[in-house]
Amino acid sequence: MPKQVDFLVVGSGIAGLTFATKSAKHGSVLVLTKKRKADSSTNYAQGGIAAVFGENDAAEFHIEDTIKAGEGLCHEEAVSIMVRDGPTLVKELHSMGCRFSMNSKGNFDLAREGGHSRRRIVHAKDYTGQEIERVLLEETKKAGVTISENEIALDLVVQDEGCTGIYYLDANTRQIDVIYANATILATGGVGQVYQHTTNPPIATGDGIAMAYRVGAKIANMEFVQFHPTAVFNIKIDGRAFLISEAVRGEGGVLKTKDGIPFMNKYSEAGNLAPRDIVARACLTEMLTTDSKYVLLDVSHLEADFIKNRFPTIYETCLSWGIDITRGPIPVVPAAHYLCGGILVNEWAESSIPRLFALGECSCTGVHGANRLASNSLLEALVFADRAARRVQNIKNIRFTKQRSMKTTAKIGPNLMFQIKEIMDRYVGLLRSEKKLREAEALIDGFYRLFEEGIHIINAESRNVTVVSKLVIESALKRKESRGLHYMTDYPNKNHSFTTDTITKISDPN
Ligand SMILES: Cc1cc2nc3c(=O)[nH]c(=O)nc-3n(C[C@H](O)[C@H](O)[C@H](O)COP(=O)(O)OP(=O)(O)OC[C@H]3O[C@@H](n4cnc5c(N)ncnc54)[C@H](O)[C@@H]3O)c2cc1C
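- Taking an unreviewed UniProt entry as the reference, the chain is identified by name as L-aspartate oxidase belonging to candidate division WOR_3 bacterium SM23_42.
- In its Catalytic activity (unreviewed entry) section, the UniProt record describing the chain reads: "L-aspartate + O2 = iminosuccinate + H2O2".
- Looking at the chain in UniProt, the text filed under Function (unreviewed entry) is "Catalyzes the oxidation of L-aspartate to iminoaspartate."

If you want it as structure tokens, here you go:
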């Protein structure tokens, strides 16, 4: 393992791999990833990637839809960059060998998803993320990038120049070691594992956000956690709930109560294609009023061959659990899915700490505002990784001549994952209130104090989950209104004095 590189990337999902592939021509790149290469949310993305290709579509419409979903908090310049740069980069993925679904005219087969006014979701059947991950792993190999598996980044090194590298746990020696870099790029993904019910894989423990917070980076909009309305009830694969893509409703799937009564028209004119927050709250409300643990998603009225061809993964996976979706409905529940907030970055993915970049789901570029439009997250990761790779070309080399001091006293913290997930599910879910949030705050603060200062090698993820939960709760308490994904039963309306980002920063960085 090199001890010094030009660009050090943490994470091997779409964000980290795109950056690595594109920056390899400007310097040495090392990617650290805490499990196997493809263990990422990217690998499970089903629906697709939003980009303007349709004949009746235009950048203005995609921008308008994104800003509408974001309910006043989108950073409009960032949205414009994402929408305008997106199509070229999606075409580039295609030319790299990404097998996107095509129509009979040889163009992308564009799907429709909630909140999008046009068909604009480029997809590879229902395994888009897996296809993107496969191609990007091949590209990094061609570019000569080293990806080091099973290496967990623990904390950031911050010195006079800014962020100069990371502390990580060496997989062989089980000792803390340091890698120095001219630029450090966090691409560590989301925080879904803070909740019991989540579509996110076990890697999604908010490590990058917690690391950045500990060294004093600005963190924004952590209250905006998106719950996907349709994860399969009561079935988990490798620690994550199985998602039924929004594209299923885009193709005509209908949500019904457990007694088979369609309900979405009661909640929105857009019916089953309403934005996710509305659909998720509608599902929860129906579950509470009908005293049921789930609602139903029905596609059995569609042609069986169409279902099998368009949604092969969903069809096969459900069938393996005894649910034939061509014949009957799927029991579904809302589950934590995506974080709109994260490490605050500018339009070049630079954080508030010099030489520290953040990309993909761990970053907050501001494109999602208070609510993410479906399939905009792969796009955001792709576009801002490309921009960061252009930006780092200008970064000045650090002269690593003097002896650096290394704080390597290893700490051991408790494993609190189970307790935290219970608390977050119960008090910090889809329907929040000041009382519930205060109760959660008291409990999580108690846990937070159990972790000493210093670098934790045992239960590092448990510590990060504690930090991230604390940030979600604190941010939620600051926002005394309901907007986008954040719904407070005691403040059910939008309040214009809160039309601003919620920014958090540690008062005493270590
Ligand atoms: C089931 C599912 C379906 C989805 N469907 C869609 C969709 O159709 N369209 C869409 O736009 N979005 C979708 N999303 C969201 C989208 O997939 C993610 O937002 C996106 O893939 C995040 O990419 P990323 O590169 O930021 O992070 P990830 O792909 O999650 O990668 C994070 C990487 O960081 C590594 N890592 C984390 N912590 C550490 C550490 N401490 N040390 C070393 N490595 C670390 C992980 O091992 C992993 O390699 C979906 C998400 C899920 C879970």
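After presenting the structure, the write-up continues.
## What to know about the domain arrangement of the chain
Next, step 1: What the domain assignment lists for the chain is domain 1 (4–224 + 340–394), domain 2 (231–333) and domain 3 (410–504).
Next, step 2: On a C-alpha basis, the centres of domain 1 and domain 2 stand 28 Å from each other.
Next, step 3: Contacts between the two partners involve 23 residues from domain 1, matched on the other side by 25 residues from domain 2.
Next, step 4: Approximately 1900 Å² of surface area, both sides summed, lies buried where domain 1 meets domain 2, with 46% of it carried by carbon and sulfur atoms.
Next, step 5: When the buried area of domain 1 at its contact with domain 2 is split by residue, Gln46, Asp126 and Thr199 rank highest and sum to 29% of it.
Next, step 6: Of the charged contacts in the structure, one is a salt bridge between Arg119 and Glu251, with a shortest N-O distance of 3.9 Å.
Next, step 7: Across the side of domain 1 that touches domain 2, the residue classes break down as six nonpolar, 11 polar and six charged.

## Things to note about the nonpolar core
As a rule of thumb, nonpolar side chains are buried together in soluble globular proteins.
Next, step 1: Among the nonpolar cores identified, the biggest contains 88 residues, and Ile209 and Ile244 are the most heavily contacted of them.
Next, step 2: In terms of residues, this core owes the most to one element, helix α13 (residues 460–478), which gives eight residues.
Next, step 3: Not counting the four nearest positions on each side in its chain, Ile244 is found in contact with Gln46, His228, Thr230, Val232, Leu297, Ile314, Cys318, Ile330 and Val332.
Next, step 4: Leu89, Ala124, Ala187 and Phe357 belong to the second largest nonpolar core, which has 53 residues in total.

## Points about the packing of aromatic side chains
Next, step 1: According to the stated counting rule, one finds seven aromatic pairs in the structure shown.
Next, step 2: Between Tyr195 and Phe227, the aromatic rings sit 5.2 Å apart at their centres with planes inclined by 80°, giving edge-to-face as the arrangement. Taken together, the residues span a long stretch of sequence, with Tyr195 in the loop between β8 (176–186) and α5 (207–214) and Phe227 in strand β10 (residues 225–237) at a distance of 32 residues.
Next, step 3: A relative accessible area of 1% means that Tyr195 is categorised as buried.
Next, step 4: For Phe227, a relative accessible area of 9% translates into the label buried.
Next, step 5: An angle of 40° between the planes, with centres 5.0 Å apart, marks the rings of Phe233 and Tyr294 as tilted. Here Tyr294 lies in the loop between α7 (276–289) and β13 (295–298) and Phe233 lies in strand β10, a separation of 61 residues in the sequence.
Next, step 6: Tyr294 sits in the partly exposed class, given a relative accessible area of 27%.
Next, step 7: Here a set of aromatic residues connected by ring pairs shows up, and it is made of Phe53, Phe100 and Phe108.
Next, step 8: Taking the ring centre of Tyr44 as reference, the NZ or CZ of Arg240 above it sits at 3.6 Å.
Next, step 9: Across the ring face of Trp348, the terminal group of Arg387 is positioned such that the distance to the ring centre comes to 3.8 Å.

## A look at the site of the ligand
Next, step 1: By nearness alone, 38 residues border the ligand, and Thr42, Gly48, Asp207, Glu361 and Ser377 come closest of all.
Next, step 2: Here an oxygen atom of the ligand sits 3.3 Å away from a polar atom, N or O, in the main chain of Ile14.
Next, step 3: Contact between the ligand and Ser41: an oxygen atom at 3.0 Å from a main-chain N or O atom of the residue.
Next, step 4: When the ligand is considered free in solution it has 1000 Å² of accessible area, and contact with the protein chains removes 99% of it.
Next, step 5: Contributions of two or more residues to the shell around the ligand are made by α1 (14–23), β6 (152–159), β14 (330–339) and α10 (376–391).

Rules of the game
- Residues numbered from 1 in each chain as written.
- Predicted model: local features only at pLDDT ≥ 70, side-chain atom pairs only at ≥ 80, totals over all residues.
- Heavy atoms only, no water.
- UniProt positions renumbered as here; feature names shortened; annotations may be inferred.
- Domains from an automatic or database assignment.
- Contact = heavy atoms within 4.5 Å.
- Buried area = accessible area lost by both parts, 1.4 Å probe.
- Salt bridge = Lys/Arg side-chain N within 4 Å of Asp/Glu carboxyl O.
- Nonpolar A, V, L, I, M, F, W, Y, C, P; charged D, E, K, R; others polar.
- Core = buried A, V, L, I, M, F, W, Y, C linked by side-chain atoms within 4.5 Å.
- Buried < 20%, exposed > 50% of the residue type's maximum accessible area, 1.4 Å probe, protein only.
- Helix = DSSP H or I, 4+ residues; strand = E, 2+ residues; numbered from the N terminus.
- Phe/Tyr/Trp six-rings, centres within 6.5 Å; stacked < 30°, edge-to-face > 60°.
- Lys NZ or Arg CZ within 6 Å of the ring centre and 35° of its normal.
- Near = heavy atom within 4 Å.
- Polar contact = N/O pair within 3.5 Å; in protein donor to acceptor, adjacent residues only side chain to side chain.
- Areas by Shrake-Rupley, 256 points an atom, 1.4 Å probe, with all protein chains shown as cover.

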